[in-house]
Amino acid sequence: MGESCFNQTEAFKDQPIGTAVSHLQLTLRTQLSVRMSDSQEATSPVAGIGGPAACVSKVELRVSCKSLLDRDTLNKSDPCVMLMVQNQGQWTELDRTEVIKSNLNPVFAKVLMLDYYFEEVQKLRFEVYDIHGTHSIGTRDDDFLGGVECTLGQIVAQKKMVKPLLLKYGKYAGKSTITIHAEEISGNNGYVELSFCAKKLDDKDLFSKSDPFLEIYRINDDGTEQLVHRTEVIKNNLNPVWEPFKVSLISLCSCDDERKLKCLVWDYDSRGKHDFIGEFYTNFKEMQKISLGNKVTWDCINPKYKLKKKNYKNSGLVILSDLKLHRVYSFLDYIMGGCQIHFTVAIDFTASNGDPRNSCSLHYINPYQPNEYLKALIAVGEICQDYDSDKRFSALGFGARIPPNYEVSHDFAINFNPEDDECEEIQGVVEAYQNCLPKIQLYGPTNVAPIINRIAKLAAGKEPIKDASLYHILLILTDGVVTDMADTREAIVRASYQPMSIIIVGVGNADFTDMQILDGDDGVLRSPKGEPVLRDIVQFVPFRDFKTASPAALAKCVLAEVPKQVVEYFSHKAIPPINPVLNSNPNSIANTPE
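Residues numbered from 1 in each chain as written. Predicted model: local features only at pLDDT ≥ 70, side-chain atom pairs only at ≥ 80, totals over all residues. Heavy atoms only, no water.

An unreviewed UniProt entry annotates the protein as Copine VII originating from Cyprinus carpio carpio. Checking UniProt for the protein, the heading Sequence similarities (unreviewed entry) contains the comment "Belongs to the copine family." (UniProt positions renumbered as here; feature names shortened; annotations may be inferred.)

What follows is the structure, encoded as C-alpha cells:
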C-alpha cells in the first residue's frame, strides 16, 4: 500500500493548506487506483466504491473425490464432505455436502456457497467422512477418510484445485484426492427454477418399478462434464414428478444459453450400482421454449438399446413442465445502468470541537496538514464523486450560530446559500468549509436529526420513486455523541424507507460507545416507539481507528455496506436498473429480466 498519507506530516511541512489538501487527494487517488488494479485480476470489485473488498462476491464450490479409502466391510464407504472455516483460530463447520451411498468416487451435487473478500485470508478445511446413520459424523478414526486445508483465495485463483487427501499427522490417504471447482457468482447473473417430470420410463427392477432420479451436467469448453444438479429419488414410479429446484445461470450454463447440457436418468440402487435408463442432450435456449406455451419434451435414449433394437424408440420421455427465470441485479448493474450517487456532507460545528483559532481545536486549519474533518471528508468524498456526473455535492453544517442574526442552526449550507447548498467537487467543499469557519460561532447542541430528515425528504422526492436513477449518501462528521438520540433514531427509521445511506464518522477522542446503537450491526435499530428500520442504512466508525491507516482503508470501511444497501433498496421496491448492463457474450441470457 505504501506510506499512509495520514502520517505524512513531513511531506506537508512547507506547503500551504491548499497544496496539502491537493497532495492528500492525489495520494488517495494513487492508493485507490493501485488497490483496484491489483484486485481486478482476482475478483470483480464494485467500481472502486469502498475499495476492492467493498462488494462481497459470492463463490460457489463444487466438490468431488476419487479413490477414497474403503472403510466398510460389506459395502463401500458412504462419503460426505464437511466444509470448515477458521475464525479467530477456531475451526467451525460452515456447511456439508449430501451423503452418497456406497461410492469411492463421489461427485457431490450440493453447492457450497461462500462470501469472498479479496483482502481477507479465508482459511478453509475440507474433511471427508464415511457416514453411518443419518448424517452423523462418527468419532472413530476409521470414519475419517481424509482432509485438506487451503484458502478460498487459492481455490478462486486456480478455479479448479486438485489436492491429495491427508489423514492424521500428514499421512497420505492412499491415492485419495479431492477436486474443488470454484465459480464466482457475478452481479450480471440470475437463477432459474426448473420442474421436470418423466413418462413411461423403462422398468429396471424385477419385482417392482424403477426408482428414477435425474442428473444434469454442463459441458465445459474443454469437453469436461460438471454436475449441475441431481434430483431426489422417486420410489417405485415410471412416471416420476421431481421437485422443482433452483440453480444459478452461471452454474447451469455459464450464462451461455447455447451451452450443451447432458441429462441422465438412472434407476437408484442402494448399493451405489445405479442402473442407466437413458440420456438426452439439450441447452438452456431450448428449455426456454416452454415460455412460449410449448411443452419441451425429450426422448430418453439408451444408446446400447438404440444400436441393438430395430424398433427402439426411447426409454421414456422427460418433460420440462415449468421454468421460472429470476434476474438478480447487482450494485454494478445499477451504477452502470445510470444510477447516480448524490453525496452530502454534514459537519459538526458545536463548541466541543474547540476554538478553530486554537491549534488544539479539531477545526484548526493547520497550513501544512489537513485536520481530521478534512481527512475524513476527502477520503470518502474522493470515491463518491466518481458516481455523480455533475460532481456537485451538498455541504451542510449543524450546531453553530450563523450570520446574519447568529441564531443556532442545525441545518445550514456552509456556503451560506440556502437556495443552492452544492459545491463544485470535493475541493469546493473544502474551500467552503475553510471559508465558513471565521464567519460562524461554534455552539450546540449536537442535533443531527434535522439534517437526516432533510436528506430523507430530498431522497423521497415529490413523486413516488419509479426508477433507479438516484441514491443518496449522507456523511455526518461529528466530535461527540448526538444530543437528540431519540429524534435521530426516529429520523433513521423514516430514512430507511428512502434511497439513502448514512455514514457517521466520529472525529476526536470522545467516548462514542452510545453511537454504536445507531449502527444496526449489533441488533435492529428501532424508533422510540419500537418501530424497526426497514433496512440497515447506518455505518458508524471512529476516525481514531484509522489515524495510522491509509485514507483508502477508512473509505473501504465506511463505504463497505453501501453496495448492499443500494441493491436492498431497489430490490425491495422491485425496481430494475434503468439500462441493465449487457453481457459481452452474444449468447448470454443473464440479461433477461423477470
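S.K.: Residue-level account of the overall build of the protein, with values.
M.R.: In terms of regular secondary structure, the protein is built from 12 helices and 26 strands. Classification of the 594 residues of the protein by burial places 53% in the buried group. Excluding contacts between residues fewer than 6 apart, the proportion of contacts in the protein whose partners are at least 24 apart in sequence is 72%. Of the roughly 27,500 Å² of accessible surface on the protein, 50% is carried by carbon and sulfur atoms. (Helix = DSSP H or I, 4+ residues; strand = E, 2+ residues; numbered from the N terminus. Buried < 20%, exposed > 50% of the residue type's maximum accessible area, 1.4 Å probe, protein only. Contact = heavy atoms within 4.5 Å. Areas by Shrake-Rupley, 256 points an atom, 1.4 Å probe, with all protein chains shown as cover.)

S.K.: A description of helix α12 (residues 562-572) should follow, citing residues and the corresponding values.
M.R.: Of the positions making up α12, those classed as buried are V562, P563, Q565, V566, V567, Y569 and F570. Among the residues trailing α12, A574 stands out with phi positive, at a value near 55°.

S.K.: Can you break down the packing of helix α7 (residues 372-384) against helix α8 (residues 425-436) residue by residue, with the values?
M.R.: Closest axis-to-axis distance for the α7/α8 pair is 10 Å, and the angle between their directions is 160°. Comparing the axis directions of α7 and α8 gives the class roughly antiparallel. Seen along the crossing, α7 lies across α8 with a hand that is right-handed. Residues Y373, L374, L377, I378, G381 and E382 of α7 form the contact with α8, whose participating residues are I426, V429, V430, Y433 and Q434. (Axes fitted to C-alpha atoms, helices over the stretch in contact; angles between N-to-C directions. Parallel < 35°, antiparallel > 145°, perpendicular 65-115°, else oblique. Left-handed = near helix turned anticlockwise from the far one by under 90°.)

S.K.: Tell me about the packing of aromatic side chains, and please be specific about residues and values.
M.R.: With the rule as written, the count across this model stands at 16 aromatic pairs. Every member of this aromatic cluster is reached through a ring pair, and the members are Y329, Y334, Y471, Y569 and F570. Sitting above the plane of the Y281 ring, K260 keeps its charged end 5.5 Å from the centroid. Directly above the ring of Y443 sits R401, whose terminal nitrogen or CZ lies 4.0 Å from the centroid. (Phe/Tyr/Trp six-rings, centres within 6.5 Å; stacked < 30°, edge-to-face > 60°. Lys NZ or Arg CZ within 6 Å of the ring centre and 35° of its normal.)

S.K.: Lay out the environment of N87 with the relevant residues and their values.
M.R.: Positionally, N87 belongs in strand β2 (residues 79-87). Residue class for N87 comes out exposed when judged on its relative accessible area of 51%. Each C-alpha atom, one on N87 and one on K123, is 8.3 Å from the other, the two residues being 36 residues apart in sequence.

S.K.: An account of the side chain of R96 is requested, with residue identities and associated values reported.
M.R.: For R96, the location among the structural elements is in strand β3 (residues 90-96). Among the residues examined, R96 registers a relative accessible area of 17% and is labelled buried. A polar contact of 2.7 Å, which involves the side chain of R96, links it to the side chain of E93. (Polar contact = N/O pair within 3.5 Å; in protein donor to acceptor, adjacent residues only side chain to side chain.)

S.K.: I'd love a proper account of the packing of helix α9 (residues 449-460) against helix α10 (residues 485-495), names of residues and values included.
M.R.: In contact at an axis separation of 9 Å, α9 and α10 are set at 15° when each is read in the N-to-C sense. One way to sum up the angle between α9 and α10 is to call them roughly parallel. Here the hand of the crossing between α9 and α10 comes out left-handed. Contacts between α9 and α10 pair A449, I452, N453 and A456 from the former with D487, T488, A491, I492 and A495 from the latter.

S.K.: Residues and numbers for the sheet that holds strand β20 (residues 407-409), please.
M.R.: Read from one edge to the other, the open sheet built from 3 strands follows the order β20-β19-β23, with strand pairing classed as antiparallel. One side of each edge strand has no neighbouring strand; the edge strands of this open sheet are β20 and β23 (441-442). Relative to β23, strand β19 (residues 400-402) runs antiparallel, the two sharing 2 bridges. Counterpart to R401 in the pairing with β23 is Q441. (Pairing = 2+ DSSP bridges.)

S.K.: Please provide a residue-by-residue account of the nonpolar core, values included.
M.R.: In terms of nonpolar packing, the biggest core is built from 58 residues, with F343 and F349 touching the most fellow members. Ignoring sequence-local partners within four residues, the contact set of F343 consists of L377, V380, G381, C384, D388, F393, S394, I426, I473 and L475. One finds L104, I131, F144 and I178 within the second-largest nonpolar core, a separate group that totals 36 residues. (Core = buried A, V, L, I, M, F, W, Y, C linked by side-chain atoms within 4.5 Å.)

S.K.: Mind laying out the side chain of T231, listing which residues take part and the relevant values?
M.R.: For T231, the position within the fold is in the loop between β11 (225-230) and β12 (245-248). Among the polar contacts made by the side chain of T231, one reaches the side chain of W242 at a distance of 3.4 Å. Setting aside residues up to four positions removed in sequence, T231 forms contacts with F213, L214 and W242.

S.K.: Any details on the confidence of the model for the protein? Residues and values, ideally.
M.R.: For the protein, the mean per-residue pLDDT works out to 83, and 83% of the residues sit at or above 70. Scored below 50 in pLDDT, residues 27-55 makes 70 contacts in the model with residues more than four places away or belonging to other chains. (pLDDT = per-residue confidence, 0-100.)

S.K.: Just give me the short version of a positive patch on the surface, but keep the residues and values in it.
M.R.: Together, K199, K200, K295 and K313 make up a positively charged patch on the protein surface. By the element assignment, K200 lies in the loop between β9 (189-199) and β10 (212-219). The exposure class assigned to K200 is exposed, which follows from its relative accessible area of 69%. (Patch = residues over 30% accessible without salt bridge, like charges linked within 9 Å, V, L, I, M, F, W, Y side chains within 5 Å. Salt bridge = Lys/Arg side-chain N within 4 Å of Asp/Glu carboxyl O. Lys, Arg positive; Asp, Glu negative; His and termini not counted. Charge placed at Lys NZ, Arg CZ, Asp CG, Glu CD.)

S.K.: Can you explain the environment of E215? Please cite residues and give values.
M.R.: On the secondary structure map, E215 appears in strand β10. With a relative accessible area of 6%, E215 lands in the buried category. Taking the C-alpha atoms as reference points, E215 and V265, separated by 50 residues in sequence, lie 6.5 Å from one another. Those residues in contact with E215 that sit more than four places away from it in its chain are L227, H229, R230, K262, C263, L264 and W266.

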